[in-house]
Amino acid sequence: MKPAPFAWHAPEELEAALALKAEHGGEARFLAGGQSLVPAMNFRVAQPAVLVDLNRIATLDTLGFTADGTLVIGAMCRYRRIERDADVARRLPMLAEALAEVAHPQIRTRGTLAGNLCHADPASEMPAVMLALAARFLLRRKGGERLIAARDFFLGPLATALAEDEMLAEIHIPALPPGSGTAFLEVARRRGDYAMMGVAAVLRRGADGRCAAARLTLCSAGPVPLAADRAASSLLGTRLAAGDFAEAAALVGAEIDPMGSVQASPAYQRHLAGVLVTRALSLAAERAA
């Protein structure tokens, strides 16, 4: 397969890239790692008239923590760089844990987190992890920018809140407060495959040992990365015991809407969700202690 004809631009400045997007609108696509876009173009599922290649814009290849502990990831930061960063593994262990489950090392060496999020595949790990970590996304356009919460970014399968002239320029992940524990677990048919079900859990214990905050999100659980808010709320004030996890897992079964695949029926996905929620919550609670 070969892509349809397209014009190619490789600006070296961010403003030039944004100007090209403003000029061509929906006819143009940004090219970062290309691990999702290029195959789609080869199958002619995607047929952009213009490609704006971001690989020469050095200011987008950033990774670092701000003074308040927020992790800022630029649009051209590769998966592998995040995965191998010792500070990321220490401060945001769920991110490093989940990145190891994404595809294969060859893909992670080239692919970018921002590109993955813009692709917005509900079976992908990273959108669910961004919800669990309460990430915010900096969207830039020619002459302006806005900050949007991860839970408001994903609108449907392969659909986001990005306007035609906008770029996801930065990902901001806030620091985890003291007493927090996280976990990410998934089940896939083979290593590197999309998960049949994946669960991200964030728990925080108060001074009395009870649950003071909880977030629970899932991938492959519906048309968008799903935040199981009812299940998470059920944990507040509990001692985070096995019975509390079982109750949360039961509530998750009522919140998710798995679509099924050639690898797993919706019924099997629901079963997996219950098992993984229980295990992820138990692991997160142990780490929070």
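These remarks concern the structure in this document. (Residues numbered from 1 in each chain as written. Predicted model: local features only at pLDDT ≥ 70, side-chain atom pairs only at ≥ 80, totals over all residues. Heavy atoms only, no water.)

As a further point, take the overall build of the protein chain. If you tally the helices and strands in the protein chain, you get 12 helices and 14 strands. What you see for the protein chain is a C-alpha radius of gyration of 19 Å, in line with the 19 Å of a compact globule of 289 residues. If you line up the protein chain on its principal axes, its C-alpha atoms span 60 × 45 × 30 Å. The proportion of buried residues among the 289 residues of the protein chain is 50%. The contacts in the protein chain between residues at least 6 apart in sequence include a share of 63% that link residues at least 24 apart. Of the roughly 13000 Å² of accessible surface on the protein chain, 52% is carried by carbon and sulfur atoms. Taking the average location of the 31 positive side-chain charges in the protein chain and that of its 30 negative ones, the two points are 4 Å from each other. (Helix = DSSP H or I, 4+ residues; strand = E, 2+ residues; numbered from the N terminus. Rg over C-alpha atoms; globule rule 2.2 N^0.38 Å. Buried < 20%, exposed > 50% of the residue type's maximum accessible area, 1.4 Å probe, protein only. Contact = heavy atoms within 4.5 Å. Areas by Shrake-Rupley, 256 points an atom, 1.4 Å probe, with all protein chains shown as cover. Lys, Arg positive; Asp, Glu negative; His and termini not counted. Charge placed at Lys NZ, Arg CZ, Asp CG, Glu CD.)

Below, the discussion takes up helix H11 (residues 242-255). When the terminal C-alpha atoms of H11 are compared, their 20 Å separation across 14 residues agrees well with the 20 Å that a helix rising 1.5 Å per residue should span. Listing the buried residues of H11 in full gives Asp-244, Phe-245, Ala-248, Ala-249, Leu-251, Val-252 and Glu-255. The buried residues of H11 occupy an angular sector of 165° when the element is viewed end-on, so they sit on one face. Of the exposed residues in H11, the ones pointing more than 90 degrees away from its buried face are Ala-242, Gly-243, Ala-250 and Ala-254. (Expected span 1.5 Å × (residues − 1). Arc of directions from axis to C-beta.)

Let us now look at the nonpolar core. In summary, soluble globular proteins display a tendency toward joint burial of nonpolar side chains. Ile-73, Leu-95, Met-126, Met-130, Phe-137, Ile-171 and Ile-173 are the most contacted members of the largest nonpolar core, which totals 53 residues. With near-sequence residues (within four places) excluded, Ile-73 lies in contact with Thr-62, Leu-63, Ile-82, Leu-95, Leu-113, Ala-169, Glu-170, Ile-171 and Ile-173. Counting 32 residues, the second largest nonpolar core, distinct from the first, contains Leu-203, Ala-231, Leu-240 and Leu-276. (Core = buried A, V, L, I, M, F, W, Y, C linked by side-chain atoms within 4.5 Å.)

Moving on to the packing of aromatic side chains. Applying the stated criterion across every chain, the model contains three aromatic pairs. Taking the centre distance of 6.3 Å and the plane angle of 85° together, the rings of Phe-137 and Phe-154 count as edge-to-face. With a gap of 17 residues between them, Phe-137 in strand E6 (residues 136-141) and Phe-154 in strand E8 (residues 154-156) connect regions that are remote in the sequence. Taken individually, Phe-137 and Phe-154 each receive the classification buried, so the pair is uniform in this respect. When the centroid spacing of 5.2 Å and the interplanar angle of 85° are considered together, the rings of Phe-153 and Phe-154 count as edge-to-face. Phe-153 gets classed as buried once you look at its relative accessible area, which sits at 0%. Stacked on the ring of Phe-30, the Lys or Arg Lys-21 has its end atom at 5.9 Å from the ring centre. Taking NZ or CZ as reference, Arg-91 lies 4.1 Å from the ring centre of Phe-65, over its face. (Phe/Tyr/Trp six-rings, centres within 6.5 Å; stacked < 30°, edge-to-face > 60°. Lys NZ or Arg CZ within 6 Å of the ring centre and 35° of its normal.)

The parallel open sheet is built from three strands, whose spatial order is E1-E3-E2. The strands lining the two open edges of the sheet, one partner per strand, are strand E1 (7-9) and strand E2 (28-31). Sheet twist, expressed as the average angle between the axes of neighbouring strands with direction ignored, equals 25°. Sheet topology note: the E2/strand E3 (residues 50-53) ladder contains four bridges and is parallel. Bridge assignment links Phe-30 to a residue of E3, and that residue is Val-52. Across the sheet, helix H1 (residues 14-24) is in contact with E1, E2 and E3; its angle to E2 comes to roughly 155°. (Pairing = 2+ DSSP bridges. Axes fitted to C-alpha atoms, helices over the stretch in contact; angles between N-to-C directions.)

Here the focus is the state of the cysteines. Summed over the entire model, instances satisfying the criterion amount to zero disulfides. Lacking any disulfide linkage, Cys-77 is separated from the closest cysteine sulfur, that of Cys-118, by 14 Å. By relative accessible area, which is 28% here, Cys-118 ends up partly exposed. (Disulfide = S-S within 2.5 Å.)

Geometry only, nothing functional implied.
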